[in-house]
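Structural overview
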Amino acid sequence: MTSGSIRHHGIRRAFTTLTIGALALFGGAAQANPHSWQLNLTRGASTWSPVPYHLNNISLAVCTVIGLLVFGAMFIAMFRFRKSRGAVAEKWSHNTMVEVIWTTIPVLILITLAWLATAGLTSWADTTGSQMTVKVTGYQWKWRYDYVDYLGKPVNKVGFMSKLDQQSDDTRQLDSGMDPYAVKVGDENTYLLNVDKPLVVPADTKIRFVITSGDVIHSWWVPATGWKIDAIPGIVNSAWTNFTTPGTYRGQCAELCGQDHGFMPIVVVVKSKADFATWLAGQEAAAGASAAPQTAQAAAPAPVPAGGQG
Amino acid sequence: MSYAATHDQHDDHHGAPKSFFQRWCMSTNHKDIGTLYLVFALTMFFIGGSFAMLIRAELFKPGLQLMQPYFFNELTTMHALVMIFGAIMPAFVGLGNWMIPLMVGAPDMALPRMNNLSFWILPFAFLLMLSTLFLPGGGPAGGWTMYPPLSLQSNSLAYVVFAIHLMGISSIMGAINIIATILNMRAPGMDLMKMPVFVWSWLITAFLLIAVMPALAGAVTMLLTDKYFGTNFFNPGGGGDPVLYQHIFWFFGHPEVYIMILPAFGIISEIVPTFARKPIFGYKAMVFAIACIAFLSFIVWAHHMFAVGLPLGAEVFFMYATMLISVPTGVKVFNWVATMWGGSMTFETPMLFSVAFIILFTIGGFSGLMMALVPADFQYHDTYFIVAHFHYVLVTGALFAIIAAAYYWMPKWTGNMYSEFWGKVHFWCSVVFVNVLFFPQHFLGLAGMPRRIPDYNVAFANFNMISSIGGFLFGASQLIFIGVLIHCVFFSKKKATDRVWEGAKGLEWTVPSPAPYHTFELPPVIHDDELAHGHVND
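Below, the discussion takes up the overall build of chain B. Secondary structure summary: chain B contains 16 helices and zero strands in total. The C-alpha atoms of chain B give a radius of gyration of 23 Å, which matches the 24 Å a tight globule of 538 residues would have. Along the three orthogonal principal directions, the C-alpha set of chain B runs to about 70 × 50 × 45 Å. Buried residues in chain B amount to 64% of all 538 residues.

Okay, helix H9 (residues 262-276) of chain B next. Residues and elements named next belong to chain B. Taking 1.5 Å per residue, 15 residues should reach 21 Å; H9 reaches 21 Å between its end C-alpha atoms and fits that length. Burial within H9 is extensive, with 15 of its 15 residues counted as buried. Following H9 by one or two positions, Arg277 has its phi on the positive side, about 55°.

Opposite the 82 residues of chain B that make contact, chain A presents 82 residues. The set of elements that each furnish at least two residues to the side of chain B that touches chain A consists of helix H4 (69-104), helix H8 (242-259), helix H10 (283-296), helix H11 (312-340), helix H12 (349-372), helix H13 (374-380) and helix H15 (420-447) of chain B. Here the residues of the side of chain B that touches chain A sort into 51 nonpolar, 23 polar and eight charged.

Attention now moves to the packing of H9(B) against H12(B). Residues and elements named next belong to chain B. Direction vectors running N to C along H9 and H12 enclose 120°, while the axes themselves pass 9 Å from each other. For the element pair H9 / H12, the angle class is oblique. Regarding H9 and H12, the two cross each other, and that crossing is left-handed. The segment H9 lies against H12, with Ile268, Ile271, Val272 and Phe275 engaging Pro350, Met351, Ser354, Phe357 and Ile358. Across the contact of H9 with H12, the residue classes tally to eight nonpolar, one polar and no charged.

Confidence in the prediction for chain A averages 86 pLDDT; 84% of positions are at 70 or higher. Low confidence marks residues 294-310 of chain A, where pLDDT is under 50. Its contacts with residues over four positions away, or in another chain, come to 30 contacts.

Residue and element names in this part refer to chain A. Spatially, the five strands line up as an open sheet ordered S6-S12-S11-S8-S9, and their pairing is mixed. Strand pairing shows two members of the sheet lacking a second neighbour, strand S6 (199-202) and strand S9 (227-231), which therefore form its edges. In this sheet, neighbouring strand axes are inclined to one another by 25° on average, regardless of whether the strands run parallel or antiparallel. In this sheet, S9 lies alongside strand S8 (residues 218-222) in antiparallel orientation, the contact comprising five bridges. By the bridge assignment, Trp220 is partnered in S9 with Ile229. Lying over the sheet, helix H6 (residues 273-289) contacts S6 and strand S12 (265-271), oriented at roughly 135° with respect to S6.

The next thing to look at is the sheet that holds strand S1 (residues 132-139) of chain A. All names here are of chain A. The strand order across the open sheet built from five strands is S3-S2-S1-S7-S10, with neighbouring strands paired in mixed fashion. On the outer flanks of this sheet lie strand S3 (153-162) and strand S10 (237-241), each paired with one strand and no other. Averaged over all neighbouring strand pairs, the angle between strand axes comes to 20°, with direction disregarded. In this sheet, strand S7 (residues 207-213) lies alongside S1 in parallel orientation, the contact comprising seven bridges. Bridged to Lys135 within S7 is Val210.

What follows concerns the pairing of strand S11 (residues 247-253) of chain A. Looking along a regular strand, one sees side chains alternate from face to face of the sheet. All names here are of chain A. For S11, the buried fraction is high: seven of the seven residues fall into the buried class. Direction of pairing for S11 relative to S12: antiparallel, over a ladder of six bridges. By the bridge assignment, Gln252 is partnered in S12 with Pro265.

The rules behind these values
Residues numbered from 1 in each chain as written. Chains lettered and ligands numbered in written order. Predicted model: local features only at pLDDT ≥ 70, side-chain atom pairs only at ≥ 80, totals over all residues. Helix = DSSP H or I, 4+ residues; strand = E, 2+ residues; numbered from the N terminus. Rg over C-alpha atoms; globule rule 2.2 N^0.38 Å. Buried ≥ 20, exposed ≤ 12 C-beta atoms within 10 Å, placed from the backbone. Expected span 1.5 Å × (residues − 1). Contact = placed C-beta atoms within 7 Å. Nonpolar A, V, L, I, M, F, W, Y, C, P; charged D, E, K, R; others polar. Axes fitted to C-alpha atoms, helices over the stretch in contact; angles between N-to-C directions. Parallel < 35°, antiparallel > 145°, perpendicular 65-115°, else oblique. Left-handed = near helix turned anticlockwise from the far one by under 90°. pLDDT = per-residue confidence, 0-100. Pairing = 2+ DSSP bridges.

This is the structure we're talking about:
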């Protein structure tokens, strides 16, 4: 956000205020981003993101219980049936009843898990009824976002590139001598998780993402949405999210895409609907004003034609 | 058995050739070729391991300290290719070569000259592949899966493709040899359903190899023609489809995963009954479970592709099929525990590694089940959670089984006992540090760290440092293994008995230690109570 225009300063200030406010009000939002010693998945910040979170917890619990039973039996066996304790080996090597039981019980557990997972998957796959469409295009090694429509109306020429922020980029160079711990926005360390221009979207809106790539395969992943999906040249994938909480959500490219695969983060700034409408109007106005080239997207290259390459 | 006398008479006429070149380069002897495979695998294990050490060194703390990102990608790619095709698979082939003829009472492999060829292709294949690291443009850096279009950007693609073709030819010939040996060369009375589980596991694995290596060869050949001959199999600009490659690759890749674990199941099924002094529980179920897993391995490939945007129906099908695999796998684990139950156990090094295998492989299986659940996999996919998962099944799974097998059969191979003390030191170091190395990677993945990145946000710093420390110590622990091996082969004063282990059963223990150059020139007489699994008709 290197804009020189007054409008954009205003937006940035609103932004910062909003972000701080959101952090204060919704502690959960901050937790949607990775933090030190984090042990489990994030619950995320969208209507769907609790699905993988709960599935993860349930299946982990099931596995833990089975593990305790099996390993417990094994340790009891290893303790009781030691030769050094005088154990004499028995001769049996077969027990049909036991074998039927321990084949059947896992099947029943699996059916339960499959039922839960299928329900979650079906809701994920349903992109109908979306109120907004954003086209995401992966490039080596940056993302492009094009706003296609919002609340049933086409968005006029709002699209920009989003790449690793300058401070992270300077710091990550080999032998830069710079400290990754010093890369901060406010109190949050944003090393390799910040971009020059984030994707801005409204909260409480079903957003459909159409995702493709201009060169190799990438994968668009913001853990707060609960999913990732590959950006593949020649193919347009779609997925949806509906953020419940305004905030800043960070993610990364998740499919190996070459030397700077580790350096193409994703940042999504979720605003309230009102703030988003203001922001979008500003972007549209700026785009309209510029046939004149000096706009907020001075750093961004010319827009690529819609429809992906190839 | 009258075997020993027969052997002594013929020893002079049929001993190993005296010249080093003749003995090792021109060998058609299954034991020597087995040894070659095992030494080759060990060498590759340390080369691949050194790549891993460099990877963990770069990941020790945030920021790039040691290498450029591209070189990091070369390391992750080469680490995987070397470990999978150079260490794990040849080690299993080596064990099969050494032990299958001894276990079924055959004098040698069915096709001894082909056996020589299938080994000697390998060093050249790996020279070709590893040489790319020293060539302008560098080695392959698109990951071992070589997904296009990225892999087509690599300058060393042709080298890697040819190397993979060679490895594939080697694997297929090895597989044909093993099938021919098992089906044709069993001693009279060694019925299929009396074979050791290890032999069964290799028979099924060999069929998997023959079925899927051509798929890999086809996929990489299409990469080659796309890059150099203007075809457009995977180029959307020419009507191709990058996802097609992934389907073909994983049609190879998933059975490949079982190629690397089924022989391990076989090994554990040999070792646990020996040290529990009790027949394997549910022999038929064990064999059937292996066959079942092998079958299922062909219909689960797209679970590696849940995030590519498959249609809902495909995601559901591959999720269910994948979850099903946990049933036969669970049966195997339960049966190993049931084999221990009521036994009379001792815990020599092979048994320790086997017990660790059962626990840690099962943990890898648990994370595998979690990953089968598609919505959860949307989060896990391509993160360190996956890295943790497949290292649990491949390192504490396949590798631990190979190490267990090495300790188990080493006295038979060398005629000397290894140092039990140092074997146990090796075990305890390995089992502790491997968990320090890989367990925290679960947390990293869940917290959101993608795999194959050379640098990361400071939120991931703590567990990465712990993981790296575990990695260095696990790597160093393997030097103990080298020490134990060298000591056992060259310096050990303690001679092994023919039976070696009190509870050992099976034909391989009826020949002298070390196993003479030629064994079973006359087929042995099979006594059912001598077989490790006891009476199958119970």
